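Examination of the molecular architecture
Listed below, chain by chain, are the residues.
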Amino acid sequence: MASSNPAFNNSPAFSDRPNTAGKFPITPAPSTEGMTAEQLTELYSRPSATPVETDRMTYEDTMVKVVVSFAILLVGAAVGWIFPVLAIPAAIVGFVLALVNIFKKKPSPALVLSYAAVEGIFVGGITSFFESQFQGIALQAVIGTFVVVGVTLALFASGKIRASKRATKIFLIAMVGYLVFSVVNVILMATGVTTDAFGLRSQPVFGIPLGVILGVLVIIMAAYSLVLDFDSIQKGVQRGAPRAYGWTGAFGIMVTVVWLYLEILRLLAIMRR
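Residues numbered from 1 in each chain as written. Predicted model: local features only at pLDDT ≥ 70, side-chain atom pairs only at ≥ 80, totals over all residues. Heavy atoms only, no water.

When you go through the protein chain residue by residue, the secondary structure sums to 10 helices and two strands. Along the protein chain, from the amino end to the carboxyl end, the secondary structure elements read α-α-α-α-α-α-α-α-β-β-α-α. A total of 273 residues make up the protein chain; the buried ones form 45% of that total. The contacts of the protein chain with a sequence gap of at least 6 include a subset with a gap of at least 24, amounting to 80%. With an accessible surface of roughly 14800 Å², the protein chain has 71% of that area assigned to carbon and sulfur atoms. (Helix = DSSP H or I, 4+ residues; strand = E, 2+ residues; numbered from the N terminus. Buried < 20%, exposed > 50% of the residue type's maximum accessible area, 1.4 Å probe, protein only. Contact = heavy atoms within 4.5 Å. Areas by Shrake-Rupley, 256 points an atom, 1.4 Å probe, with all protein chains shown as cover.)

The subject of this paragraph is the pattern of salt bridges. Per the stated rule, a full pass over the model turns up three salt bridges. Notably, a salt bridge pairs Lys 65 with Asp 61, separated by 2.4 Å at the nearest N-O pair. Pair noted here: Lys 65 and Asp 61 are both in helix α4 (residues 59-82), with a separation of four residues, about one helical turn. The exposure class assigned to Asp 61 is buried, which follows from its relative accessible area of 10%. For Asp 61, the salt bridge is made with Arg 243, and the minimal N-O distance between the two is 3.3 Å. Separated by 182 residues along the polypeptide, Asp 61 in helix α4 and Arg 243 in the loop between α9 (210-238) and α10 (246-272) bring together distant segments of the chain. Members of the salt-bridge network, linked through shared partners, are Asp 61, Lys 65 and Arg 243. (Salt bridge = Lys/Arg side-chain N within 4 Å of Asp/Glu carboxyl O.)

Among soluble globular proteins, nonpolar side chains are generally buried collectively. Counting residues in hydrophobic clusters, the biggest one holds 62 residues, and the most contacted among them are Phe 251, Ile 253, Met 254 and Leu 260. Of all the elements in the fold, those that place two or more residues in this core are α1 (6-9), α4, α5 (87-103), α6 (109-133), α7 (137-157), α8 (165-190), α9 and α10. Broken down by element, the residue count for this core peaks at 16 residues, all from α10. Setting aside its immediate chain neighbours within four residues, Leu 260 contacts Thr 145, Val 148, Val 149, Ile 219, Ala 222 and Leu 226. (Core = buried A, V, L, I, M, F, W, Y, C linked by side-chain atoms within 4.5 Å.)

Only a minority of non-glycine residues have a phi that is not negative, and only a minority of peptide bonds are not trans. You will see that Phe 206, though not glycine, has its phi angle at about 55°, which is positive. Summarising the element assignment, Phe 206 is placed in the loop between β1 (204-205) and β2 (208-209). By relative accessible area, which is 84% here, Phe 206 ends up exposed.

Pasting the structure below:
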């Protein structure tokens, strides 16, 4: 099943392409046949191997990498909040770093953390701009993001929501449609065809701004993208992928959460207008 996140699709640890399947076989447990009672007791009394010792990806180790990445992102966001003029340059550098991380087969912690810092500056600068227009919107967007991520993670962990091939196909079609709409909207705004602050998103549909309707749908899409990300990480752990690929998992989660946050921020801005 393909993921919507290119960070996972281009990585051999998470991809379903035939040439990557079985690339990271799990090391079988040692045989206990012929062992004496004393040997068995000594074997089972040994402490569990750590991720460093096994060099295998685990949920706990990946979560540590996710937390570190978001901590760096928050530091960058503080810089962007204070110096919002850095938002545009940070967006350009962040885009380049994102492409490098996506197409780099072996994950690099330095590149992932560099992306986190630069993306944080971009997010902080954008948030500062919206906050100057709509007081309190930053806190609302942060709370909304935490709620969506928390609920999605809880549902996934409990097994109540899972990625399916049919839902993923629908999701990918919707993503392509949304990307086309976004590109067209940017072109219309840049050429002056529409002068509204949010372009076509400001146009009313049955008395409701189109951006509100799209915003709700896109937030649902971002939540499902998180499900696909969690599923990819689960797949990497089950395949016994090297521990370093936890950084790919952290990068993928970060990309989706930032996208979710920006969509919530824009939805709130359109509603408050």
